[in-house]
Amino acid sequence: MATATGQPSAVGPSNFLLSLNSNYCPVHLSVVKFTRTKSSHRCSGQRRRARAVTRSALVEANKSSVPVLSDNTGRSSGISKSEVIQSTGDAARGGGNSFLAIAKSTWNRADDMQAEARAMARAASASVYSPEMLADKYGSRPLMVLRRTSEIILGLGSFAFTLWLDQRKGLLNQNKRLRATQLRQVFTGLGPTFVKIGQGLSTRPDICPPEYLEELAELQDALPTFPNAEAFACIEKELGFPLEDIYSSISPDPIAAASLGQVYKAQLKYSGQTVAVKVQRPGIEEAIGLDFYLIRGVASFINRYVDIVTTDVVALVDEFARRVYQELNYVQEGKNARRFKKLYADKQDVLVPDIFWDYTSGKVLTMEWIDGVKLSEQVAIERQGLKLLDLVNIGIQCSLRQLLEYGYFHADPHPGNLLATPEGKLAFIDFGMMSETPEEARFAIIGHVVHMVNRDYEAMARDYYALDFLTPDVDISPIVPVLQEFFDDALTSTVSELNFKTLVDGLGAVFYQYPFNVPAYYALILRSLTVLEGLALYADPDFKVLAAAYPYFAKRLLTDPNPYLRDALIELLFKDGKFRWNRLENLLVQGRKDRDFSAKDALQPVLKLLLGPDGEELRVLVIKEAVRVTEAMVVGSAIDTYHSLPDFLRTLVSNGNPAGPFMMSAAEQQSMVELRGRVLRIWELLQSSRNFDPSVLLPILQTLQQSEA
């Protein structure tokens, strides 16, 4: 019997899983019988020490089938699958196979929840980040702290010194490849904390030269491995059984090594399913703990003595450290993956591997194996007939949903964590570092983009209250002209043409000048989007993240019923009592590019407000605009008809007047024709959109039938 995810059930077939029940499940198993006395002996709690024989060769276990236990020999939580189905037997007779399928699915879900609970019990002793505990631990070890500080200064200092020498000798460009290799080696030598810094730099072509990007990209999954014997011993210790009882085969060496662990490819003995097994590096907690103790000390110094930095640097370090410590708990990573899959894998082009809880603990993570190519390998991607930019666009759309729809987002999307599958899907494979955007901030970010489009700098400054960048007592009046100066220079054409890096740098300069306190989640958002832009710049130096993101913003503005976004849409469409039809046309053109856009939902939040008790001001604007549009339709049609007449008829109609028969200037006539044309184009856009129903516009007609109209 297997769960919906292909995992073995907690009841029955495998002595390995039954022992997990007895060892880790809070519910005691009343009866456990094993057909193999050797396994029974291991289950008694006397775990064998790691075997002396090095398992660097492929482990091939006995091919004989695992003994199967009948339902009445072992139970989980006091109920068996047969009892679940039997208890509803009468109903099953009437429902046929469909009912049995539902019963089996219900059992599988319950069984999976029990397996997750057992995995959580195995990870109960996992460490959590605590600045106080680190201070207590390392504050009394000055020699250890001094030694580590010396290592960091020596490593980074020697690299900086060689760069300085290259510059003095005029060899800076000539030695780029050599220095890039040296920097990668320095980061690798300094350990996991600096490896993560290098991973971030490896996706920023706007910061690092190509030679550095290529070298630092190796930090994503080409790190030095630790001995296989240690990894296999960790698996046996964490799961409580020797490898040959768990896997029918496992790769002789790691297929990838990351900053916190290394990954093996294996085949589960029970189900035969191919899986990825991630094993944590030994001693990783000690190394990371000391580094964060030192980094936090530097951050505290900056907060106290460096006035130019107004952000709470300690809070940023603490947030990052908490995320890294969460990465050390592989059960938490498995839970992250499950939540991410539930929220975002509903899209056909996003793939998230499933987790095998019965083979997972605090230091061992087992997940579904996915074949794919890293997003940084553009040639290999194109060899499969795929386009890197298409995959990056999938990543951007998924990231926007993460950041602005549900608020739960992947905070470490470097190319080693993103794979292009042969089917053209984007697979996420690492869920150690996740974060959340507060609900109010999600809407404020979208509103901020609207205010940027409108160049409403005072409203942009007010947004920083909702984003928790500013406390309510801070006066925004001096900030407005600074924003105006930056954006008037940066927005030479449209917002979609603005480079994301330019935006981040410009806002960063503003943040430094005033008492901004950038929340930790915002720093992770910037990292997520800059990584995706960095990936795209490999394929297209002119790629713009904001241009790729705008269809999502347009769709949300047109369809989201949230009052904040509804008001932002009204603010975008109306100015000085006039409706800006060009803005609506642009929103519809961009919104239709989003595959989830539905025309029947477009403008519904505004149309519902139109007939509501709070819509009086909006009704007045709509009535005025209806008069203007009616005039444009009539006069514009007349102008078009006039210009389509033969010359002799035009002369006859105009009675020889060169300006024609219309009592308005040429500019006014042109304005009427343009408005009529724009309204007709918008109507065509709506009609040609998916699921459009003209009846959704009835509130406008109802408004025009009221007495004030």
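Residues numbered from 1 in each chain as written. Predicted model: local features only at pLDDT ≥ 70, side-chain atom pairs only at ≥ 80, totals over all residues. Heavy atoms only, no water.

Student: If you had to explain helix H24 (residues 581-591) to someone new, which residues and values would you point to?
Tutor: Where burial is concerned, most of H24 is hidden: eight out of the 11 residues are buried. Along H24, the residues classified as buried are Trp581, Arg583, Leu584, Glu585, Leu587, Leu588, Gln590 and Gly591. Buried-residue contacts for H24 involve helix H17 (439-454), helix H22 (545-559), helix H23 (563-573), strand E14 (578-579), helix H26 (616-644) and helix H28 (666-687). (Buried < 20%, exposed > 50% of the residue type's maximum accessible area, 1.4 Å probe, protein only. Helix = DSSP H or I, 4+ residues; strand = E, 2+ residues; numbered from the N terminus. Contact = heavy atoms within 4.5 Å.)

Student: Tell me about the sheet that holds strand E10 (residues 418-420), and name the residues and values.
Tutor: As summarised here, the arrangement of the four strands in space is E6-E11-E10-E8, forming an open sheet in which the pairing is mixed. Here the strands that pair on one side only, and so sit at the sheet edges, are strand E6 (350-351) and strand E8 (373-374). Taken together, the three bridges between E10 and strand E11 (residues 426-428) define a ladder with antiparallel strand orientation. Following the sheet pairing, Leu418 is matched in E11 by Phe428. Helix-sheet contacts for helix H16 (residues 388-406) involve E6, E10 and E11, and the interaxial angle to E11 is about 50°. (Pairing = 2+ DSSP bridges. Axes fitted to C-alpha atoms, helices over the stretch in contact; angles between N-to-C directions.)

Student: So what's going on with the packing of aromatic side chains? Which residues, and what values?
Tutor: A full pass over the atoms with the stated rule returns 17 aromatic pairs. Feature note: the residues Phe340, Tyr344, Tyr406, Phe428 and Phe431 constitute an aromatic cluster, connected by ring pairs. Across from the ring centre of Tyr330, 5.0 Å away, lies the NZ or CZ of Lys278, which sits over that ring. A cation over a ring is seen here: Arg339 above Tyr408, with NZ or CZ 3.8 Å from the ring centre. (Phe/Tyr/Trp six-rings, centres within 6.5 Å; stacked < 30°, edge-to-face > 60°. Lys NZ or Arg CZ within 6 Å of the ring centre and 35° of its normal.)

Student: Let's hear about the pattern of salt bridges: which residues, and what values?
Tutor: Using the criterion set out here, one finds 29 salt bridges in the structure. In this structure, Arg179 engages Asp166 in a salt bridge whose closest nitrogen and oxygen atoms are separated by 2.5 Å. Linking Arg179 in helix H7 (residues 176-190) with Asp166 in helix H6 (residues 142-169), this pair joins segments that are 13 residues apart in sequence. Among the residues examined, Arg179 registers a relative accessible area of 12% and is labelled buried. For Asp166, a relative accessible area of 4% puts it in the buried group. The closest approach of N and O atoms between Arg678 and Glu585, which form a salt bridge, is 2.7 Å. Here the residue Arg678 occupies a position in helix H28, and Glu585 occupies one in helix H24, the gap between them amounting to 93 residues. Arg678 gets classed as partly exposed once you look at its relative accessible area, which sits at 25%. (Salt bridge = Lys/Arg side-chain N within 4 Å of Asp/Glu carboxyl O.)

In short, shape yes, function no, at least from these values alone.
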